[in-house]
Amino acid sequence: MKQEIRVIVIGAHPDEPDIYAGGTAALFAALGHKVKFLSLTDGCGGHYELPGPELVKRRKKEADEAAKRLGIVEYEVLSTHDGELFPDVATRNEVIRHIRRWQADVVITFHPAGGTHPDNRYAGHVVSDAVPFSALKNAVIDVPALERTPVVLLMPDYSMKDRYQADVVIDIEAVLEKKLLACDAHASQFYEFSGKNEDREVPQIWEEKREYLLKYWAPFFYVSDEMKAGLEKWYGAERAAQITYAEPFEIANYGRKVDDAELKKWFPMLG
């Protein structure tokens, strides 16, 4: 019997796990592994018109629908207000609890050192502080410690693409439709909020929505130059040249250290 892999993707707002790692999550789920998405804020600021409390309820429903479309187990949204995330000890301890309760083998999150959005930056910061404590028995003693520190990959925050390393690049073409449908579930973000900001017309039918997502959110779907070396490493030059849609990740300088062979064990869709 193959080993079940447990993955937690931690973002700052509901919709970020989907756009940065939705394809990878869908691939894990399709292989029979367990994935949880966690948003560290409630997303109450993410709309030009809807009031915060109404938006929070709507975004949780959108997140739950996205989880169904990706095939993942759970999509949890915490109650910290959008724009008010801070990497203090209480927040760090709460993240430790979530990582432990999920019994995470793999953690995927933002980079701790950058990003122009403070919530994204602090999400990466607090996870980088939490992971080293996840296997320490005398820290946060109300939840049992993990037996070993998780493997950690970092998502390239939209404002950091020129500074991240595409160490692991995953071909998501087989689950592209699932990722598109997950983003579609977050209509308040991918159509309404972004469309209003850019004076775009919100699409109405699926064919138009699909085209809209691939056009206006292209950097989150298509292979770009900085991904090509990573694709060749993991898939070989011939196949890499044929890959159109991919998700890139940087190996964190914290978390459990693994070589390439063990990394392929935790990411069985590679190669």
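Residues numbered from 1 in each chain as written. Predicted model: local features only at pLDDT ≥ 70, side-chain atom pairs only at ≥ 80, totals over all residues. Heavy atoms only, no water.

Turning our attention to the sheet that holds strand β6 (residues 168-171). Here we have 7 strands laid out as an open sheet, ordered β3-β2-β1-β4-β5-β7-β6, and mixed in their pairing. With one partner strand each, in any of the chains shown, β3 (74-77) and β6 form the two edges of the open sheet. Across the sheet, the mean angle from the axis of one strand to that of its neighbour is 25°, orientation sign disregarded. Of the pairings in the sheet, the one linking strand β4 (residues 106-110) to strand β5 (residues 151-155) comprises 5 bridges and is parallel in character. Within β5, the residue paired with V106 across the bridge is V151. (Pairing = 2+ DSSP bridges. Helix = DSSP H or I, 4+ residues; strand = E, 2+ residues; numbered from the N terminus. Axes fitted to C-alpha atoms, helices over the stretch in contact; angles between N-to-C directions.)

Time to look at the layout of surface pockets. Here the largest pocket defines a volume of roughly 580 Å³. Around the largest pocket, the lining is made up of 22 residues, and of these D15, Y158, Q189, F193 and W217 lie nearest the centre. Elements with a minimum of two residues in the lining of the largest pocket: α1 (16-30) and α6 (187-197). The element that contributes the greatest number of residues to the lining of the largest pocket is α6, accounting for 5 residues. Grouping the amino acids of the lining of the largest pocket by side-chain chemistry returns 9 nonpolar, 7 polar and 6 charged. (1 Å grid on protein atoms, 1.4 Å probe; cavity = no way out; pocket = protein on both sides within 12 Å on 5 of 7 lines; lining within 4 Å. Points joined across faces, edges and corners; volume = space filled by probe spheres on them. Nonpolar A, V, L, I, M, F, W, Y, C, P; charged D, E, K, R; others polar.)

Pairing geometry for strand β2 (residues 34-39) and β3, over 4 bridges, is parallel. The residue bridging K36 from the neighbouring strand is E74, located in β3. Note that the unit made of β2, helix α2 (residues 52-70) and β3 has a crossover that is right-handed. (Right-handed = clockwise from strand over helix to strand, strands pointing away.)

Further remarks concern empty space enclosed by the protein. Tallied over the entire structure, the rule returns 1 cavity of 30 Å³ or more. Approximately 90 Å³ is the volume attributed to the largest cavity. In terms of lining, the largest cavity is formed by I19, Y20, P156, Y158, K161, K179, P219, F220, F221, A246, E247 and P248. Going through the elements one at a time, α1 and β7 (246-251) are the ones with two or more residues in the lining of the largest cavity.

Let us look at the packing of aromatic side chains. Under the definition given, this model contains 10 aromatic pairs. Here the aromatic rings of F86 and Y122 are separated by 5.4 Å at their centres, their planes lie at 70°, and the arrangement is edge-to-face. Taken together, the residues span a long stretch of sequence, with F86 in the loop between β3 and α3 (89-101) and Y122 in helix α4 (residues 118-130) at a distance of 36 residues. Owing to a relative accessible area of 48%, F86 belongs among the partly exposed residues under this scheme. When the centroid spacing of 5.5 Å and the interplanar angle of 70° are considered together, the rings of Y191 and Y212 count as edge-to-face. A residue pair is termed long-range when its members are at least 10 positions apart, and Y191 in helix α6 and Y212 in helix α7 (residues 206-216) qualify at 21 residues. (Phe/Tyr/Trp six-rings, centres within 6.5 Å; stacked < 30°, edge-to-face > 60°. Buried < 20%, exposed > 50% of the residue type's maximum accessible area, 1.4 Å probe, protein only.)

What follows concerns the pattern of salt bridges. Applying the stated criterion across every chain, the model contains 20 salt bridges. Among the ionic pairs, D142 bridges to R97, the shortest N-O distance being 2.8 Å. Separated by 45 residues along the polypeptide, D142 in the loop between α4 and β5 and R97 in helix α3 bring together distant segments of the chain. A salt bridge links K179 to E247, with the nearest nitrogen and oxygen atoms 2.7 Å apart. Here K179 is found in helix α5 (residues 176-185), whereas its partner E247 is found in strand β7, with 68 residues between them in sequence. Just as K179 is buried, E247 falls in that class too. One continuous salt-bridge network, built from bridges that share partners, spans E65, R69, D184 and K209. (Salt bridge = Lys/Arg side-chain N within 4 Å of Asp/Glu carboxyl O.)

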